[in-house]
Amino acid sequence: MSYNNKSAKNENLLGSMMDLFFPFWPLLAVILVVVLFLAWGYKNYATPTYEVTATLIIKDENKGVDNSKMVESMNPFDSKKIVENEIKVIQSPDIMKKVVDSLNLYAPMYEDDDFLGLNVKSVSAYNSSPIQVKLKNPDKIVIEKDAPAEHYFTFDSSKKNVRVDGRTYPLNKWVNSPFGRVMFYPNKNKAQQAKKSLYFVLMNPRSVTEGLLKSLEVTPPEKLSTVINLILEDAVPNRGEDILNGIIEAYNQKAIEDKNILAANTMKFIEARIGNLGDELDALESENEQYRSSKGVVDLSEQSRMYLQDAGQNDQRIADIRLKLSVLDKVENYIQSKDGGGSIVPSTLGIDDPVLTQLLQKLYNSEIEYERLRKTTAVNNPMLTSLADEINKIRPNILDNVQSQKSNLNASLSNLYGNSGKYNSALKTIPEKERKLLEITRRKAVKQDIFASLLEKREEIALSFMPTNGDDTVVTSAQASLEPVSPKGIKLYGIALFLGIAFWIAYVVYKEMLNQKILFRSEIEESTHLPVIGELSYLKEGKQLSHENPEDMSIIEQFRQLDAQLGLYSRTFRKKKILVTSSLSGEGKSFVSKNLAYSLAQSGKKVILLDMDFRKPNTTKAFKLKEHKGIVDYLKEEANLEELIVQSEMDSNLYILPAGTPGQDHTQLLLNGKLESLFEKLSDRYDYIIMDSAPLGLVSDASLLAEFSEITLLVVRHNFTPKKVVQRLDQNHSDKNLKHAGIVFNGLKKRGFIKEDSGYGYGYSQTYGYGAYTNKNK
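Residues numbered from 1 in each chain as written. Predicted model: local features only at pLDDT ≥ 70, side-chain atom pairs only at ≥ 80, totals over all residues. Heavy atoms only, no water.

Undergrad: What exactly am I supposed to notice about the overall build of the chain here?
TA: If you tally the helices and strands in the chain, you get 21 helices and 21 strands. Within the chain, the proportion of its 778 residues that are buried is 42%. Excluding contacts between residues fewer than 6 apart, the proportion of contacts in the chain whose partners are at least 24 apart in sequence is 76%. Taken as a whole, the chain presents about 43200 Å² of accessible surface, with 53% of it coming from carbon and sulfur. (Helix = DSSP H or I, 4+ residues; strand = E, 2+ residues; numbered from the N terminus. Buried < 20%, exposed > 50% of the residue type's maximum accessible area, 1.4 Å probe, protein only. Contact = heavy atoms within 4.5 Å. Areas by Shrake-Rupley, 256 points an atom, 1.4 Å probe, with all protein chains shown as cover.)

Undergrad: What am I meant to see in the pattern of salt bridges here?
TA: Going through the model one piece at a time under the given rule, you end up with 16 salt bridges. Among the ionic pairs, K577 bridges to E710, the shortest N-O distance being 3.9 Å. Highlighted residues: K577 in strand β15 (residues 577-582) and E710 in the loop between α19 (701-706) and β20 (711-717), separated in sequence by 133 residues. What makes E710 partly exposed here is its relative accessible area of 23%. With a closest N to O distance of 2.2 Å, E637 and K674 form a salt bridge. (Salt bridge = Lys/Arg side-chain N within 4 Å of Asp/Glu carboxyl O.)

Undergrad: Would you mind going over the packing of aromatic side chains with me for this structure?
TA: Applying the stated rule across the entire model yields twelve aromatic pairs. Site record: aromatic cluster; members linked through ring pairs are F153, Y169, F179, F184 and F200. Above the face of the F720 ring, R717 is positioned so that its terminal group lies 5.3 Å from the ring centre. Sitting over the ring of Y538, K749 keeps its end group 4.9 Å from the ring centre. (Phe/Tyr/Trp six-rings, centres within 6.5 Å; stacked < 30°, edge-to-face > 60°. Lys NZ or Arg CZ within 6 Å of the ring centre and 35° of its normal.)

Undergrad: Hey, could you run me through the sheet that holds β20 in this one?
TA: Hydrogen bonds between backbone groups are what pair the strands of a sheet, and the pairing can be parallel or antiparallel. Within the open sheet, the eight strands sit side by side as β14-β21-β20-β15-β19-β16-β18-β17. Their pairing is mixed. On the outer flanks of this sheet lie β14 (532-537) and β17 (646-647), each paired with one strand and no other. Here helix α14 (residues 589-602) sits on the sheet in contact with β14, β15, β16 (607-611), β18 (654-657), β19 (688-692), β20 and β21 (741-748), set at roughly 165° to β19. (Pairing = 2+ DSSP bridges. Axes fitted to C-alpha atoms, helices over the stretch in contact; angles between N-to-C directions.)

Undergrad: Explanation requested: the environment of M650 in the structure shown.
TA: Mapping M650 onto the fold places it in the loop between β17 and β18. For M650, a relative accessible area of 25% corresponds to the partly exposed category. For the pair M650 and L545, spaced 105 residues apart in sequence, the C-alpha separation works out to 9.9 Å. In this view, M650 contacts Q544, Y598, Q602 and F623; residues no more than four positions away in its chain are not counted.

Undergrad: Which parts of the structure should I look at to understand the packing of helix α13 (residues 553-566) against α14?
TA: Helix-helix packing is described using two parameters, namely the angle between the two axes and the distance between the axes. Running from amino to carboxyl end, α13 crosses α14 at an angle of 80°, the nearest separation of the two axes being 9 Å. The pairing of α13 with α14 is recorded here as roughly perpendicular in orientation. Along the contact surface, α13 presents I555, F559, R560, L562 and D563, while α14 presents F591, V592, N595, L596, S599 and L600. In terms of residue class, the contact of α13 with α14 is built from seven nonpolar, two polar and two charged. (Parallel < 35°, antiparallel > 145°, perpendicular 65-115°, else oblique. Nonpolar A, V, L, I, M, F, W, Y, C, P; charged D, E, K, R; others polar.)

Undergrad: I'm lost on the pairing of strand β12 (residues 227-234) in this one. Help?
TA: Where a strand is regular, its side chains alternate between the two sheet faces. Examined bridge by bridge, strand β1 (residues 50-57) and β12 share eight bridges and lie antiparallel to one another. Bridge assignment links I57 to a residue of β12, and that residue is V227. Looking at chain direction, strand β11 (residues 216-219) and β12 are connected through four bridges and run antiparallel. Looking at β12, one finds that E217 is bridged to I231.

Undergrad: Please clarify how the packing of helix α5 (residues 93-103) against helix α6 (residues 205-215) should be interpreted in this entry.
TA: Two numbers describe how α5 lies on α6: the axes approach to 9 Å, and their chain directions differ by 115°. Taken as a pair, α5 and α6 cross one another with a handedness that is right-handed. For the pair α5 and α6, contact is made by P93, M96, K97, V100 and D101 and by P205, V208, T209, L212 and L213, respectively. Of the residues that constitute the contact of α5 with α6, the class distribution is seven nonpolar, one polar and two charged. (Left-handed = near helix turned anticlockwise from the far one by under 90°.)

Undergrad: Would you mind going over the sheet that holds strand β4 (residues 131-135) with me for this structure?
TA: An order of β4-β9-β8 is seen for the three strands of this open sheet, with the pairing classed as antiparallel. Of all the strands in the sheet, just β4 and β8 (175-177) have a single pairing partner and so form its edges. Between one strand axis and the next, the sheet turns through 45° on average, direction left out of account. Note: β8 against strand β9 (residues 180-186), three bridges, orientation antiparallel. By the bridge assignment, N176 is partnered in β9 with R181.

Undergrad: Is there a simple way to explain helix α18 (residues 674-685) in this structure?
TA: Residues that lie three or four places apart on an α-helix share one face, since the helix turns once every 3.6 residues. For α18, spanning twelve residues, the distance from its first C-alpha to its last is 17 Å, which sits close to the expected 16 Å at 1.5 Å a residue. Listed as buried for α18 are L675, L678, F679, L682 and S683. Projected onto a plane normal to the axis of α18, the buried residues spread over an arc of 125° and lie on a single side. (Expected span 1.5 Å × (residues − 1). Arc of directions from axis to C-beta.)

Undergrad: Explain a nonpolar patch on the surface to me, please; I cannot follow it from the model alone.
TA: Together, V30, V34, F37, L38 and W40 make up an exposed nonpolar region whose accessible area comes to about 500 Å². As for its placement among the helices and strands, V34 is situated in helix α2 (residues 25-45). Judged by its relative accessible area of 41%, V34 is partly exposed. (Patch = residues over 30% accessible without salt bridge, like charges linked within 9 Å, V, L, I, M, F, W, Y side chains within 5 Å.)

Any link to function would need more than the numbers given here.
Structure (structure tokens):
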């Protein structure tokens, strides 16, 4: 069941789409023919453009592989790049401006060309012009107000001159002209002979630059690729190639110039720095020499060693002297403390005086002898006395000798102490001198290292000035496509077909689905509960239906169907009075009432048509009874009914009661009580009374006449009556005076551009009546 329902929905949708668009297929055919013809014309008129491409490798610091260290050391200014930044540089106006100036693109050459035998277009003469134009100051082009935009010229190859705007100029010379200093020179790109008139146009280089930048596309093929593609579309293939090659050359030249400027500035700085460092090194050398000479510094390490050695020797000598003084003190104490007693004489170790040694030895021997004799002889023994005198004589000599040596030793000791202080002071100053000298040496070493590094950098910078073609590699030079990329026939025709079909669909949708007017019977049935009892095809305004005209028979037949739908042909039908009205003026109520009356008269019924629209008596005008008295006069009691009724020439059974003399207050006339007697008299004489009333929503006449009617026909006109008006019909129908109300759908036109005898009939499928592109009430 689900599949069947889905299939049914698809079939209904497909059928609805076919019903919606099929009636307009002739319009589609016309539109497609027109757009295809326009596409063909554009394809042959438009100047074909070619795609020019070039490929460049960028040295990106974040992508790819770096150069070797050797190449990098030879070129310290080989800067690292980022692809995205270099794309912006290539697309910069400065680069393109150089190309525009170098190729003289601000003065393009053109050649007149024909299209369909008419001189209505021009083509580039980049390859056919015998000359090119170069301006001294292209940014200050002088363009006179009255001067023509196109400067036609002729070239005399024999005289080698150019004639422009009536003036003659030589080749390869700067000359004055109305547009500034200019030089004409042979065109190196000439590859063919011009067939038509030639001219050039002077343009602002800035506008040319901006135009080329808009058409230039610079993109990497992949996100992480260091390769970039340059794409440009141009009408002249080799001009496009020259532009791209010029862009690459200008880009590389800019990189070289930037590098050389950086190198020159760096070289200037290094030269100045080398000079300053030389002066600073000379000053440090002078400071070193001055410090060494002022402080007596030759070799601090050797001097320190010698100071230590001398100080040690001095200390050793002090120790020796102190030892000697100690020995002498003992000797002195011995001599002073002895009063004749024999004892061991102190040692004279360290004393190098032989006199003192001999004296001490002699004293010792004398004392030993004295002690021996004293024990064996008397005190007055001359030998003992002689030894005592000798001992007393030796003692003073020893003391004098000791005093003399001590005095000498003390003097030497004082001198040695002085030397020791000097040595200690010198040793204490050595670290300070060494620090000071080390500081000077360190500053000198730093300056020397910087000096050497700057000398090395200077040589590297000198190498960076060597000739180069730029850091980036051209993978593919500029090449133009063999076939034009625009306009492409298949693409152009495809776009034309798409636009044509889109316009056709938009037209159909706007006309039938977005229209705020009533187009389909289904829209009436959705908007109101009043039944649609008849559909009438469109008839040109002012045209009268005739049984003799075959084209009118279909509409006449529709009125007969309306009569049958109302039951007017039934023998038991007793409703005679029919009110025909509408919501707005112009919906065709007079047309419907007139032809409804005519259709009933044709069936043999005696019918009278009353023109009750006193303000716009269209029925009266249709029957040319505008000057005839009518209903208004009857209601005013100014005329009898018999003299007002006019028999129609259309049919003997049809009678007309015109509106009559125009009045002021028609509503008051309708309320004066004469209408009742009027309808009583007419009901006795006629089978049907058709009333053509004023619009329902504008005045109250229709509401007053509804009291006397038995059937009310509301006319709704195709593509005229707004949908909102039909939606309000239920509100109007709430008035109980509208009896047996129904809607007549009037003025139906055929849908689209199909023939009316297409087999679908009126009111069905291919017309705007019942069963149009969708029947929403089914």
